[in-house]
Amino acid sequence: MNKSSLKACDVIIFGGGGDLAMRKLLPALYHLDMDGLLAPTTRIIGASRRELTAEEYQTKVRAALDEFVPSSVGDDDTWSRFKERLNYVSVNAQEVSDFSRFNDNGVGDDGRDVVFYLATSPDLFGSICSSLATHGLNQERMRVVLEKPLGRDLVSSRAINTEVMQNFSESQVFRIDHYLGKETVQNLLAIRFGNTLFEPLWDSAHIDNIQITVSETVGVEGRWGYYDKAGALRDMVQNHLVQLLCLVAMEPPSRMDADSVRDEKIKVLKALRPISGANAYNKTVRGQYAKGVVNGKSVQGYFDEEGSNPESRTETFVALRADIDNWRWAGVPFYLRTGKRLGQRYSEIVIQYKAVPHSIFSDESNRQLQRNQLIIRLQPEEKISLTVMNKVPGASEGMNLQPVDLNLSLTEAFQNKRSPEAYERLLLDVMRDDATLFMRYDEVEAAWKWVDGIMEAWKQTSERPKEYASGSWGPAASMALPIKDGKNWHDY
């Protein structure tokens, strides 16, 4: 991108001294600066209740960069430039008068675009937006970014959206899900709609099942009180996994713009078959981690965490079967699973194709014959692999077959290109006013409606979440979920 085409912008981060800002947002903005993707006069302003000078905030940010992007901070020229962008404003989010300090600091002057990133509790979203509007900071060129969670259910999510949209239009609201900023997630769109190879085979006639897994090795990490009010279904399935499902299952959009893409995603959400009542028993499994061993170290169980309540029924693991009732996906199960304290940390999407309709090979070769799989790995490494059958080299009698992976490693394929962090892409898109990778309000509501049905079904049963040992792959019942359909989870 030509630097002369970069739009000057003021980026204000509410919660500017918090964990998200220091670990993710400010390092992302630093990398954008390093790559020449910030206009020369773009400013970054931290905002929180704490009283800090600009110099003290700059020192705090430098310490965070030293910790989280040490190799990049070695570039003294970039740091000198980035430091000059940094400012700080002390603002109590619940004091309307404090917001005049943004005007005093020239936020939005000279026709500059403004991004307000709300890295705060969702309880503050409404009051912050109202106070911004009171001080004229909700003009058309000004945008707000909302961090998850957007509520605990459909009712609370709708209340948050209503409060925000009393002061900002839908086109000004960017609901962020950092999974959608990952390179391989965006590559999913490129694979499907940029090649003639896959899209003709992307339907129930060719695909047997689809699996989406987000596996974590960490526990609640001292946040038991917060996590126990959320759980894996709200914290991971409602946003991350459902968004990935939408990108896998949606119809080709008419063009690559925000509303065209999101129009197709909402169709998927509306076609999701409800999971409720007795149906939830057959199609969902929930669990809580017990003590065990992860990465060679003994770890404690969910109820051993500080502040825990042994009566809690909050799930730390969910596996479920989803069905999409439309022509493309009729009869194809989508298996979703996520959990804490599992055996390994990884996220992937597995497209499991159907078996060949008739094998012409010998019994020995047939024993080796496997179905084609397209595997899209999101983390820890980003790569795409396609499993195909191949003849084993040699002149021995017969056709000896074995599966071979055709791998595309983004790191190896683009050795001179640094793979950006998800927040880099998403922050840049907000500054460009491109909402393609962000959620529209009707998407959020449709996802909550589907998840609420599952939550309600769980409330109606006396069954507790099933215990699983830390370091395992979840409750045994989750392994049986696809087996009931004659299928298996993809092995890591």
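Residues numbered from 1 in each chain as written. Predicted model: local features only at pLDDT ≥ 70, side-chain atom pairs only at ≥ 80, totals over all residues. Heavy atoms only, no water.

K.L.:
Could you clarify how one ought to interpret the side chain of glutamate 170 in this entry?
P.N.:
Tracing the backbone through its elements, the reader meets glutamate 170 in the loop between α7 (154-165) and β6 (173-175). Engagement of the side chain of glutamate 170 in a polar contact is seen with the side chain of arginine 175, the distance being 2.9 Å. From its side chain, glutamate 170 meets the backbone nitrogen of tyrosine 441 in a polar contact 3.5 Å long. If sequence neighbours within four positions are ignored, glutamate 170 has contacts with Met165, Arg175, Arg440 and Tyr441. (Helix = DSSP H or I, 4+ residues; strand = E, 2+ residues; numbered from the N terminus. Polar contact = N/O pair within 3.5 Å; in protein donor to acceptor, adjacent residues only side chain to side chain. Contact = heavy atoms within 4.5 Å.)

K.L.:
Explain the sheet that holds strand β14 (residues 373-379) to me, please; I cannot follow it from the model alone.
P.N.:
The strands making up a sheet associate through hydrogen bonds between their backbones, and the pairing can be parallel or antiparallel. In space, the 9 strands of this open sheet follow the order β16-β15-β14-β13-β7-β12-β11-β8-β17, with mixed pairing throughout. Pairing within the sheet leaves two strands with one partner each, and these edge strands are β16 (401-409) and β17 (466-469). Each strand axis lies, on average, 20° off the axis of its neighbour in the sheet, ignoring direction. Bridging between β14 and strand β15 (residues 383-391) involves 5 bridges; their strand directions are antiparallel. Bridged to glutamine 373 within β15 is threonine 387. (Pairing = 2+ DSSP bridges. Axes fitted to C-alpha atoms, helices over the stretch in contact; angles between N-to-C directions.)

K.L.:
How do you make sense of the sheet that holds β6 when you look at a structure like this?
P.N.:
Sheet architecture is open: 6 strands sit in the order β3-β2-β1-β4-β5-β6, paired in parallel fashion. Both outer strands of the open sheet, β3 (86-90) and β6, are each paired with one neighbouring strand and no more. Adjacent strand axes in the sheet meet at a mean angle of 20° when their direction is disregarded. With 3 bridges joining them, strand β5 (residues 142-146) and β6 adopt parallel strand pairing. Residue pairing in the sheet places valine 144 in a bridge with valine 173 of β6.

K.L.:
Got a minute to help me understand the nonpolar core in this structure?
P.N.:
Nonpolar side chains tend toward joint burial in soluble globular proteins. Judged by nonpolar contacts, the single largest core of 138 residues is most densely connected at Phe14, Leu26, Phe102, Phe116 and Phe334. Those residues in contact with leucine 26, other than ones at most four positions away along the chain, are Ile13, Gly16, Ala21, Ile44, Tyr57, Val61, Leu65, Phe82 and Leu86. (Core = buried A, V, L, I, M, F, W, Y, C linked by side-chain atoms within 4.5 Å. Buried < 20%, exposed > 50% of the residue type's maximum accessible area, 1.4 Å probe, protein only.)

K.L.:
Where do I start with the pairing of strand β8 (residues 284-290) in this structure?
P.N.:
Looking along a regular strand, one sees the side chains alternate between the two faces of the sheet. Here β8 lies mainly inside the structure; 7 of its 7 residues are buried. Residues Thr284, Arg286, Gln288 and Ala290 of β8 are buried on one face, and the alternating residues Val285, Gly287 and Tyr289, pointing to the opposite face, are buried as well. Judged from the 4 bridges that link them, β8 and strand β11 (residues 317-322) form a sheet pairing that is antiparallel. Within β11, the position partnered with valine 285 by the bridge is alanine 319. In this structure, β8 lies alongside β17, joined through 4 bridges in parallel fashion. Bridging across to β17, glutamine 288 finds its partner in glutamate 467.

K.L.:
Can you walk me through the environment of leucine 52 in this structure?
P.N.:
Note on placement: leucine 52 falls in the loop between β2 (43-48) and α2 (54-68). Setting aside its immediate chain neighbours within four residues, leucine 52 contacts Tyr57 and Tyr88.

K.L.:
What is the right way to look at the pattern of salt bridges in this model?
P.N.:
Pairing of side chains with opposite charge becomes possible as their charged atoms draw close. The final tally for this structure, using the stated rule, is 37 salt bridges. Residues arginine 377 and glutamate 348 are paired through a salt bridge, measuring 2.9 Å at the closest nitrogen-oxygen approach. Pair noted here: arginine 377 is in strand β14 and glutamate 348 is in strand β13 (residues 346-353), with a separation of 29 residues, a long-range link. Across this residue pair, the class does not change: arginine 377 and glutamate 348 are buried. The closest approach of N and O atoms between lysine 383 and glutamate 381, which form a salt bridge, is 3.8 Å. Accessibility expressed as a relative area gives 32% for glutamate 381, which makes it partly exposed. Salt bridges linked by common partners bring Arg273, Lys283, Arg321, Asp323, Asp325 and Asp485 together as one network. (Salt bridge = Lys/Arg side-chain N within 4 Å of Asp/Glu carboxyl O.)

So, to be careful, I would describe these as geometric facts and stop short of saying anything about function.
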